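Read off the chains here:
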Amino acid sequence: MMAKIVASSSDKEESEKQKEEAQEANHLRNQMSHLKMKLQESLQKQVELEKKFHQKQKGNDTLKKTLDAKMASLSVLRSDMERLTLGMEEEVQAGNMKVKKLTETLRCRAEESKERDELIKELTDKLQELKHSNSKDANERAEKLTSSYSSLEK
């Protein structure tokens, strides 16, 4: 009987031990299932994050291409501006040279005009003198003719 009691107590202990082991195994299975679920969620999040990363990377690549295109366009505009500025400076210098030449031409023409005016005044004065002297000579001749005619009539 004692052997039965010992056997039954040993069976009970064995049974309790198996129960505990089964509970522990069940608990470990639950934990493993929970960890698998967590791992699955974590992998899902990682996949989503990688997708977002790749989308952002594509967006960054697009932005970089756009920025590069705009920088190239800006570079072209800058070189155009430099070329136009240089051209404008050359035009301004050419315009300044024309203004200097025209100013010199006007100054020369003004001097020529002044000389012409002086010459015209001088010629006008001489013409007046000639008219006056011709008129005096003509009066003297007329008087001589008149006196000659008068003497002929007598």
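Please refer to the structure higher up on the page.
In this report, we go over the structure that sits alongside the text. Here the structure is a predicted model, which is why all the values come from computation and not from measurement. (Residues numbered from 1 in each chain as written. Predicted model: local features only at pLDDT ≥ 70, side-chain atom pairs only at ≥ 80, totals over all residues. Heavy atoms only, no water.)

It is worth spelling out the overall build of the chain at this point. For the chain, the count of helices and strands is one helix and zero strands. Taking 154 residues into account, the globule formula puts the C-alpha radius of gyration at 15 Å, and the chain, at 64 Å, lies well above it. Along the longest, intermediate and shortest principal axes, the C-alpha atoms of the chain span 220 × 20 × 15 Å. Expressed as a percentage of the 154 residues in the chain, the buried residues total 0%. For the chain, the computed accessible surface area is about 15100 Å², with 58% contributed by carbon and sulfur atoms. Distance between charge centres in the chain, computed from 31 positive and 30 negative side chains, equals 4 Å. (Helix = DSSP H or I, 4+ residues; strand = E, 2+ residues; numbered from the N terminus. Rg over C-alpha atoms; globule rule 2.2 N^0.38 Å. Buried < 20%, exposed > 50% of the residue type's maximum accessible area, 1.4 Å probe, protein only. Areas by Shrake-Rupley, 256 points an atom, 1.4 Å probe, with all protein chains shown as cover. Lys, Arg positive; Asp, Glu negative; His and termini not counted. Charge placed at Lys NZ, Arg CZ, Asp CG, Glu CD.)

What follows concerns the pattern of salt bridges. Here the structure, examined in full by the defined rule, presents five salt bridges. Here the salt bridges share partners, and the residues they tie into one network are E104, R107 and E111. (Salt bridge = Lys/Arg side-chain N within 4 Å of Asp/Glu carboxyl O.)

Quick look at a nonpolar patch on the surface now. Taken together, the side chains of L67, M71, L74 and L77 make up a nonpolar region of the molecular surface, amounting to roughly 390 Å² of accessible area. Here L67 is to be found in helix 1 (residues 2–153). (Patch = residues over 30% accessible without salt bridge, like charges linked within 9 Å, V, L, I, M, F, W, Y side chains within 5 Å.)

A grouping of D11, E13, E14, E16, E20, E21 and E24 is seen on the molecular surface, where their side chains present a negatively charged patch. Relative to the helices and strands, D11 is located in helix 1.

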